[in-house]
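Chains, contacts and geometry: an overview
If you want the building blocks of each chain, they are given just below.
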Amino acid sequence: MNSTRRILVVEDELVVATDIQQRLVSLGYEVPSIASTGEEAVQLAAEGKPDLVLMDIVLPGGMDGVEAANQIRQQLDIPVVFLTAHSDEHTFGRAKMSDPFGYVVKPFEERTLQIAIELAPHRHDLERKLRQISRWMTATLSSIGDAVIATNSRGEVLLLNLVAENLTGWTQAAAAGQPIDELLRLVQENTEEPVPNPVWSVLREGKTRVQASALLVDRGGDEIHIDACAAPIIDENDTVLGVVLVFRDISDRKHAAERIRQLNEQVTRLTSEASERGATPDELHTLVRAVSHDLRTPLRGIAGYARMLEKSYASHLDDTGREFLTTIQSSAKSMNAMLEGYLAFLGVSRRGLEPFGPVNMDELVQSVFEDLNAPQAEPPATLIRHALPPAWGDLSMLRQVLVNLLSNAIKFSVRRDTPTVEVGGVVESNRLVYFVKDNGVGFDSRRAGRLFEAFQRLHSMADFPGTGVGLAIVKRIIERHGGQVWAESPSGQGATFFFSLPPAPKAR
Ligand SMILES: Nc1ncnc2c1ncn2[C@@H]1O[C@H](COP(=O)(O)OP(=O)(O)OP(=O)(O)O)[C@@H](O)[C@H]1O
Ligand SMILES: [Mg+2]
């Protein structure tokens, strides 16, 4: 019991008032003042700020106890308990309208009064806290940049914040009580097939659901790209009470991704157009450098934010969220490798050829193989090198050809118990033909023609990392020497890559 609680007694009959005052004091409360009219009650409450007002209902003058209680509650936020002899329906009904914290009928037992007095401040406190929470929630919901919709367990809308109002085209007033499907109509991006609302699966399974990239059809029929996440509201018995759905407009991000895709296409198209119309290597290089630069900035952003997300928020994500994050990261990584690839590929075109001279292919193969084999392969590959006819060309370019072919041979045979790379060459009537053969995984020979195109890879990044420019570079170099390239992979027997070169001038 709180003995220091201060109570204002409002009672027009002085004898009754004094009696109540004495009984309250004997229960351990303080009664600093007594009011006899409604107006006086409001005034004394304002001056003395009591913890509680004990209010008679029928009072002389213009303001009765119900009215006075309303004012005291609204203006001063002080709890009021009615204490009255009038327990008829009408009086009780009016008193109830003012939502009192207690209602005690005279004559009363002290115990009943005491319980009412003790409970009132608790309820008052609780209501104040609820009001605070609700204000805090409203402020939070309206200040966050994401759209938020809450539903009950039947998927009917309880509330939505301003962003959700803007995105869906529904107002809180119109939306309240509507089925969520009315507000949030989702369709698939390309097919326009309906996408099931994540709210339903959350209500069924009680688990958070992430809905990546779908189109939201708003009330006016416009489509907006969104990402959505729906989480259950669960009580202490694990019963799902409703769902909170958070979603955001990702049109900007979609546009950025689309821009990257377009740029990418542009590079490929421009590069091939430019080389068809005989653009100079410098022109090509400038073009690719410019576009690579364009692409790198947003790419760095994607990679950087993904890293931050991983570092600081990974624990807040569920499995699906983490999966998305990994995909973003690996896509950014492979795009970066592609940009590097463009530059490497174009680097070859940019450089003019050195004057041709004799090239000792035996020595070249041996040294390239030794450079590549030691650090890369486990177990190390074995080289079978047949005697090779000397070639005629640009030494450093031909070295690059062998680096690319031998590194592939080693890479794609690394899983064999005894990886073996065989290099040989023959002199034909009007050309020299060399081959690099391995006993690795081989490739699908129906797609052999595409291997030499830039960025064409027949194996997954996870199995065999790479960018897909090595063979395109080989082709470019060999063609600039006046030769040709081709490849074979009889099933299960590894792969053989051939290149031909015109014979040395003195042999012509
Ligand atoms: N020796 C080989 N055995 C099997 N497949 C091969 C072999 N060499 C190349 N390939 C296939 O051809 C694709 C293109 O080869 P390429 O050398 O251009 O790219 P990469 O090795 O994947 O990447 P990088 O740009 O790092 O060289 C490879 O991804 C692979 O699918
Ligand atoms: Mg390669």
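In case you missed it, the structure is sitting above this.
Here the residue numbering is sequential within each chain, running from 1 through the sequence in written order. Ligands are numbered from 1 and chains lettered from A, in the order in which they are written. This being a predicted model, a pLDDT of at least 70 is required before a residue's local features are given, and a value of 80 or more before pairs of side-chain atoms are given or counted; all residues contribute to the totals for chains, interfaces and linings.

With that settled, consider the overall build of the protein chain. A run of H or I in DSSP counts as a helix once it spans at least four residues, and a run of E counts as a strand once it spans at least two, with each numbered from the N terminus. Within the protein chain, the regular secondary structure consists of 15 helices and 18 strands. Burial is judged by counting the other C-beta atoms within 10 Å of a residue's own C-beta: 20 or more makes it buried, 12 or fewer makes it exposed, and any count in between marks it as partly exposed, with every C-beta position built from the backbone. Burial status across the protein chain gives 31% buried among its 508 residues. Once C-beta atoms are placed from the backbone, any two residues with those atoms within 7 Å are in contact. For the protein chain, restricting intrachain contacts to residue pairs at least 6 apart in sequence, the fraction spanning at least 24 positions comes to 59%.

Residues in close proximity to ligand 1 total 22 residues, the closest being Asn408, Arg457, Leu458, Gly466 and Gly470. Of all elements in the fold, only helix 14 (395-412) and helix 15 (470-480) reach the threshold of two or more residues within the shell around ligand 1. In terms of residue count, helix 14 provides more of the shell around ligand 1 than any other element does, four residues in total. Residue polarity follows a fixed list, in which Ala, Val, Leu, Ile, Met, Phe, Trp, Tyr, Cys and Pro are nonpolar, Asp, Glu, Lys and Arg are charged, and the others, Gly among them, are polar. Counted by class, the shell around ligand 1 contains 10 nonpolar, 10 polar and two charged residues. Using a C-beta atom placed from the backbone, a residue is described as near a molecule or strand when that atom lies within 6 Å of it.

We now examine the nonpolar core. Core analysis: the largest hydrophobic core is formed by 44 residues, its most contacted members being Val365, Val401, Leu402, Leu405, Leu406 and Val474. Of all the secondary-structure elements, those providing two or more residues to this core are helix 12 (319-350), helix 13 (361-376), strand 14 (391-393), helix 14, strand 15 (420-427), strand 16 (432-438), helix 15 and strand 18 (496-501). The element best represented in this core is helix 14, accounting for nine residues. The residues that make up this core include at least three from each of domain 3 (253-350) and domain 4 (357-507). Residues in contact with Val474, not counting those within four places in the same chain, are Val401, Asn404, Leu405, Val485 and Phe499. Residues enter a nonpolar core if they are buried, belong to Ala, Val, Leu, Ile, Met, Phe, Trp, Tyr or Cys, and are joined to the set through C-beta atoms within 7 Å. Listed in part, the 35 residues of the second largest apolar core include Leu8, Val80, Ala95 and Phe101. In this document the domain limits rely on a domain assignment from an automatic tool or a database.

By the convention used here, strands pair only if DSSP detects at least 2 bridges between them. Taken in spatial order, the five strands line up as 13-15-16-18-17 in an open sheet, and their pairing is mixed. Of all strands in the sheet, those bounded by a partner on one side alone are strand 13 (382-385) and strand 17 (485-488). For this sheet the average axis-to-axis angle between neighbouring strands, irrespective of direction, equals 15 degrees. Where strand 17 lies against strand 18, four bridges are found, and the strand directions are antiparallel. Axes here mean lines fitted to C-alpha atoms, for a helix over just the part in contact, with angles spanning 0 to 180 degrees between N-to-C directions.

Attention shifts here to helix 3 (residues 65-76). A helix is expected to span 1.5 Å multiplied by its residue count minus one. Compared with the 16 Å implied by 1.5 Å per residue over 12 residues, the 15 Å span of helix 3 between its first and last C-alpha is a close match. Of all the residues in helix 3, the buried ones are Gly65, Val66, Ala68, Ala69 and Ile72. The buried residues of helix 3 occupy an angular sector of 165 degrees when the element is viewed end-on, so they sit on one face. Away from its buried face, by an angle of more than 90 degrees, helix 3 presents the exposed residues Gln74 and Gln75. Among the structural elements, strand 1 (6-10), helix 2 (38-48), strand 3 (52-55), strand 4 (80-84) and helix 4 (89-97) are those in contact with the buried residues of helix 3. In the stretch just after helix 3, Asp77 is the one whose phi turns positive, near 55 degrees. Directions pointing from the helix axis toward each C-beta atom define the arc.

Okay, the sheet that holds strand 6 (residues 147-152) next. Strand order across the open sheet formed by six strands is 7-6-11-10-9-8, with antiparallel pairing between neighbours. Looking along the sheet, the strands with just one partner apiece sit at the ends: strand 7 (157-160) and strand 8 (185-187). Neighbour-to-neighbour, the strand axes of this sheet turn through a mean angle of 40 degrees, independent of strand direction. Taken together, the three bridges between strand 6 and strand 7 define a ladder with antiparallel strand orientation. What sits directly across from Thr151, in strand 7, is Val157. Contacting strand 6, strand 9 (209-217), strand 10 (223-234) and strand 11 (240-249), helix 9 (residues 198-205) runs over the sheet at an angle of about 15 degrees to strand 10.

Here we come to the packing of helix 2 against helix 3. Relative placement of two packed helices is described by the angle separating their axes and the distance separating the axes. Relative to each other, helix 2 and helix 3 sit at 20 degrees, their axes nearing to 9 Å. When the interaxial angle is binned, helix 2 and helix 3 end up roughly parallel. In this structure, helix 2 crosses over helix 3, and the sense of that crossing is right-handed. Between helix 2 and helix 3, the contacting residues are Gly38, Ala41, Val42, Ala45 and Ala46 on the first element and Gly65, Glu67, Ala68, Gln71, Ile72 and Leu76 on the second. Considered class by class, the residues forming the contact of helix 2 with helix 3 number seven nonpolar, three polar and one charged. Our angle categories are set so that under 35 degrees counts as roughly parallel, over 145 as roughly antiparallel, 65 to 115 as roughly perpendicular, and the remainder as oblique. Crossings are classed by handedness, with left-handed meaning an anticlockwise turn of the near helix from the far one by less than a right angle and right-handed meaning a clockwise turn.

The pairing of strand 6 with strand 11 spans six bridges and is classified as antiparallel. Residue pairing for strand 11: Thr151 is matched across the bridge by Val243. In sequence, strand 6 turns back onto strand 7 through a hairpin of four residues, with Gly155 there showing a positive phi of about 75 degrees.

The omega torsion of the bond from Lys106 to Pro107 falls at -5 degrees, within 30 degrees of zero and hence cis. Secondary-structure assignment places Pro107 in the loop between strand 5 (102-105) and helix 5 (110-143). Here the phi dihedral of Lys49 falls at roughly 45 degrees; this positive angle occurs in a residue that is not glycine. In this fold, Lys49 is placed in the loop between helix 2 and strand 3. Judged by the 11 C-beta atoms lying within 10 Å of it, Lys49 falls in the exposed class. Its identity as a non-glycine residue notwithstanding, Asp77 has a phi of 55 degrees, on the positive side. Checked against the element boundaries, Asp77 lands in the loop between helix 3 and strand 4.

On to the packing of helix 14 against helix 15, then. Across the interface, helix 14 lies against helix 15 with an axial gap of 9 Å and an inter-helix angle of 145 degrees. Like other packed secondary-structure pairs, helix 14 and helix 15 cross with a definite hand, here left-handed. The segment helix 14 lies against helix 15, with Met397, Gln400, Val401, Asn404, Leu405, Ser407 and Asn408 engaging Gly470, Leu471, Ile473, Val474, Ile477 and Ile478. Here the contact of helix 14 with helix 15 is built from residues that sort into eight nonpolar, five polar and no charged.

All right, on to the environment of Gly468 then. With respect to the helices, strands and loops of the structure, Gly468 is situated in the loop between strand 16 and helix 15. In sequence terms Gly468 and Phe455 are 13 residues apart; their C-alpha atoms lie 4.1 Å from each other. Excluding residues that lie within four positions of it along the chain, Gly468 makes contacts with Gly341, Ala454, Phe455, Gln456 and Arg457.

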